Amino acid sequence: MDAPNKRKKFFLLGCLFMSVFVFILLYRLQIHTQFLTFSAHLPISLICPKNDNKQSTTEVEIPYSGEEIVAKCKDSGIWTVKPDGRLGNNMGEYATLYALAKANKRQAFILSDMHNYLAPIFQITLPVLHDNVAWHVPFKEYWIHDWMSEEYNHIEESFIKLTGYPCSWTFFHHLREDILREFTIHDYLKTEANRVLEGIKGSRKNVTYIGIHVRRGDYINVMPNVWKGVVADKGYLEKAMNYFRNKYKEPVFVVASNGMNWCKENIDNSKGDVYFSGDGNESTPGKDFALLVSCNHTIMTIGTFGFWASYLVGGETIYLTNFTLPESEFLKLFHYDAAFLPEWIGIPADLSPLLH
């Protein structure tokens, strides 16, 4: 019995020795290469393209003072956008930055928070400005309203951080093909969406998929109490769905919403042509978005999530229009003609609940 016990003790001591050795090795590696932590003072290269359309670049080692960054990257500039809101907001901010930087011949970068939000869903290409670099750039915040204005084509500052919640086609529609490429959904999400659509197709031979996004959540209270407006109701959805039921032989409606219980109670599925997607979990928007974008046409209510699904699908879109009272402060921030494409079909909202 003594020999096995001795062997066991030697084995445990050997494991302990190796653990200590590996820990010390990794700790020394951390000190010399910053492998386990990322020091704020670790030099990072930032490439500043020249404005002469040539391949030459200026390489800036960070950290640098604000004055040195201005001197080395002033010609090309460094433009970014503040990532606010959720998926639809981030997409609008990305597309607006992309378009305005091009218009002003500046180099666009996105911050790491935006990259972490969008990159798992889309094949975006704008370079990322790491937090340790962005901290040294002398940005000037530049607020923009939610429609294109001529002065936005003539912004002279080299170091701009756009702010606001822009999501208007008037900024970027002339670059539609570029925007569609930027928001190409990753294959793993496309594959899953196509699998779901194939599963709900059933025995239908000439199926037409219509994605429906029903925005509820905080809007249920915010719209009537803050903006003197309404969200989409049962009557609006019936009118929009009947438009497609009358036009297509075998329509299938794919519903995504952050108020799925309401949808199941108020959307008529007596014909068996409605599929309710998921449980309205807003922490995983990529799956619902990919499903909507894989459809042929769209019914949207309000909000940027529905706008982007409609814009990327490119089919027929029905949207809720005139959903606030004329005196609403919301109309100082939002213009219907800048929010919805001219070819989209608007159905006016029922404002009677606000009048009573």
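The text that follows walks through the structure, step by step, so that each part is easy to find. Since the model is a prediction, treat every value here as computed from it, not as a measurement.

1. Quick notes on the overall build of the protein
Here comes step 1: Across its full length, the protein holds 15 helices and 13 strands.
Here comes step 2: Of all 356 residues assigned to the protein, the portion counted as buried reaches 47%.
Here comes step 3: Taking all contacts inside the protein whose residues are at least 6 apart in sequence as the whole, residues at least 24 apart take part in 66%.
Here comes step 4: A total of about 18900 Å² of accessible surface is found on the protein, and carbon and sulfur atoms cover 55% of it.

2. Some remarks on the sheet that holds strand E13 (residues 345-348)
Here comes step 1: Pairing in this open sheet of six strands is parallel, and the strands run E10-E9-E8-E11-E12-E13 from one edge to the other. The open sheet terminates on both sides in strands that have one partner only, identified here as strand E10 (274-276) and E13. Shown here is a sheet whose adjacent strand axes are inclined to one another by a mean of 25 degrees, direction ignored.
Here comes step 2: The pairing of strand E8 (residues 207-214) with strand E9 (residues 250-257) spans eight bridges and is parallel. Paired with isoleucine 212 across the bridge in E9 is valine 255.
Here comes step 3: Each of E8, E9 and E10 touches helix H12 (residues 285-293); the most contacted strand, E9, lies at about 155 degrees to it.
Here comes step 4: Where helix H13 (residues 304-313) meets the sheet, its contacts fall on E8, strand E11 (297-300) and strand E12 (317-321), and the angle it forms with E11 comes to roughly 165 degrees.

3. Here we look at the sheet that holds strand E3 (residues 78-81)
Here comes step 1: Judged by pairing direction, the sheet is parallel, and its three strands sit side by side in the order E3-E7-E6 without closing on themselves. Each edge of the sheet is formed by a strand with only one pairing partner; in this case those strands are E3 and strand E6 (140-143). The mean inter-strand angle of the sheet, taken between neighbouring strand axes irrespective of direction, is 25 degrees.
Here comes step 2: Of the strands in this sheet, E3 and strand E7 (159-163) touch helix H3 (residues 87-103), which is tilted by about 155 degrees from E3.

4. Notes on H12
Here comes step 1: Summarising burial for H12: eight of the nine residues are buried, a large majority.
Here comes step 2: Among the residues of H12, those classed as buried are Pro285, Gly286, Asp288, Phe289, Ala290, Leu291, Leu292 and Val293.

5. Brief notes about the packing of aromatic side chains
Here comes step 1: Counted under the stated rule, the structure contains 25 aromatic pairs.
Here comes step 2: The interplanar angle of 45 degrees and the centroid separation of 6.5 Å between the aromatic rings of phenylalanine 340 and tryptophan 344 together place this pair among those described as tilted. Exposure class is identical for phenylalanine 340 and tryptophan 344. Each is buried.
Here comes step 3: Across from the ring centre of tyrosine 311, 4.5 Å away, lies the NZ or CZ of arginine 176, which sits over that ring.

6. Some remarks on the side chain of aspartate 146
Here comes step 1: As for its placement among the helices and strands, aspartate 146 is situated in the loop between E6 and E7.
Here comes step 2: Of the side chains with opposite charge, arginine 215 comes closest to the buried, unpaired aspartate 146, at an N-O distance of 13 Å.
Here comes step 3: When neighbours within four sequence positions are excluded, aspartate 146 is seen to be in contact with Tyr165, Pro166, Cys167, Ser168, Phe171, Leu333 and Ala338.

7. Here's the deal with the nonpolar core
Here comes step 1: Grouped together as the largest cluster of nonpolar side chains are 95 residues, with contacts concentrated most on Phe289, Trp308 and Phe323.
Here comes step 2: Top element by residues in this core is H3. It accounts for nine residues.
Here comes step 3: For phenylalanine 289, the contacting residues outside a window of four places in its chain are Leu87, Met91, Phe122, Ile185, Phe305, Trp308, Ala309 and Leu312.
Here comes step 4: By size, the runner-up hydrophobic cluster in this structure holds 10 residues, among which are Cys73, Phe109, Val133 and Ala134.

8. Observations regarding a nonpolar patch on the surface
Here comes step 1: Taken together, the side chains of Phe10, Leu13, Leu16 and Val20 present a nonpolar region at the surface, about 440 Å² in accessible area.
Here comes step 2: Tracing the backbone through its elements, the reader meets leucine 13 in helix H1 (residues 2-33).
Here comes step 3: On the accessibility criterion, leucine 13 (53% relative accessible area) is exposed.

9. Considerations on the packing of H12 against H13
For any two helices packed against each other, the geometry comes down to the angle between their axes and how far apart the axes lie.
Here comes step 1: One way to put it is that H12 packs onto H13 with a least axis distance of 9 Å and a crossing angle of 40 degrees. With respect to each other, H12 and H13 are oriented oblique. Taken as a pair, H12 and H13 cross one another with a handedness that is right-handed. Taken together, the residues of H13 that come into contact with H12 (itself represented by Pro285, Asp288, Phe289, Leu292 and Val293) are Phe305, Trp308, Ala309, Leu312 and Val313.
Here comes step 2: In terms of residue class, the contact of H12 with H13 is made up of nine nonpolar, no polar and one charged.

10. A few points about unusual backbone geometry
Here comes step 1: A positive phi angle is found at lysine 105, which is not glycine, with a value near 55 degrees.
Here comes step 2: With respect to the element layout, lysine 105 can be found in the loop between H3 and strand E4 (110-111).
Here comes step 3: At asparagine 322, a residue that is not glycine, the phi angle is positive and equals roughly 50 degrees.
Here comes step 4: The partly exposed category is assigned to asparagine 322, whose relative accessible area is 38%.

11. Re the side chain of histidine 213
Here comes step 1: For histidine 213, the location among the structural elements is in strand E8.
Here comes step 2: With sequence-adjacent residues up to four places away left out, histidine 213 is seen in contact with Ala256, Leu292, Ile299, Met300, Thr301, Phe305 and Gly306.

Conventions used here
- Every residue gets a number counted from 1 within its own chain, in the order that chain's sequence is written.
- Per-residue local features of the predicted model are confined to residues with pLDDT of at least 70, and side-chain atom pairs are confined, for both listing and counting, to 80 or more; whole-chain, interface and lining totals are unaffected and use all residues.
- As a rule here, side-chain values come from all non-hydrogen atoms in the structure, and water together with hydrogens is ignored.
- Strands here are runs of E lasting at least two residues and helices are runs of H or I lasting at least four, both read from the DSSP assignment and numbered beginning at the N terminus.
- Categorising residues by exposure relies on relative accessible area from a 1.4 Å probe, with only protein chains included: less than 20% of the type maximum marks a residue as buried, more than 50% marks it as exposed, and the intermediate range marks it as partly exposed.
- Contacts are assigned to residue pairs with any non-hydrogen atoms lying within 4.5 Å of each other.
- Accessible surface is estimated by sampling points in the Shrake-Rupley manner with a 1.4 Å probe; for residues, cover comes only from the protein chains shown.
- Note: two strands are recorded as paired if DSSP finds a minimum of 2 bridges between them.
- Fitted lines through C-alpha atoms serve as axes, helices being fitted only where they are in contact, and the angles separating the N-to-C directions of these axes extend from 0 to 180 degrees.
- For this analysis, a ring pair means two rings from Phe, Tyr or Trp (six-membered ring only for Trp) whose centres lie within 6.5 Å, classed as stacked if their planes differ by under 30 degrees, edge-to-face if by over 60, and tilted for the remaining angles.
- Note on criteria: charge over ring means Lys NZ or Arg CZ within 6 Å of the ring centre, with the direction from the centre no more than 35 degrees off the ring normal.
- Residues counted as positive are Lys and Arg, residues counted as negative are Asp and Glu, and His and the chain ends are not counted.
- Salt bridge, as applied in this entry: a Lys or Arg side-chain nitrogen positioned within 4 Å of an Asp or Glu carboxyl oxygen.
- The definition of a nonpolar core used throughout is a set of buried Ala, Val, Leu, Ile, Met, Phe, Trp, Tyr and Cys residues joined through side-chain atoms within 4.5 Å.
- Residues form patches when they are more than 30% accessible in relative terms and have no salt bridge. Like charges link within 9 Å. Nonpolar side chains (Val, Leu, Ile, Met, Phe, Trp, Tyr) link within 5 Å.
- Working definition: roughly parallel below 35 degrees, roughly antiparallel above 145 degrees, roughly perpendicular at 65 to 115 degrees, and oblique for all remaining angles.
- Crossing handedness is read from the near helix: turned anticlockwise from the far helix by less than a right angle, it gives a left-handed crossing, and turned clockwise, a right-handed one.
- Each residue gets one of three labels, nonpolar for Ala, Val, Leu, Ile, Met, Phe, Trp, Tyr, Cys and Pro, charged for Asp, Glu, Lys and Arg, and polar for the others, Gly among them.

Fair warning: the whole summary comes from geometry, so function is off the table for now.
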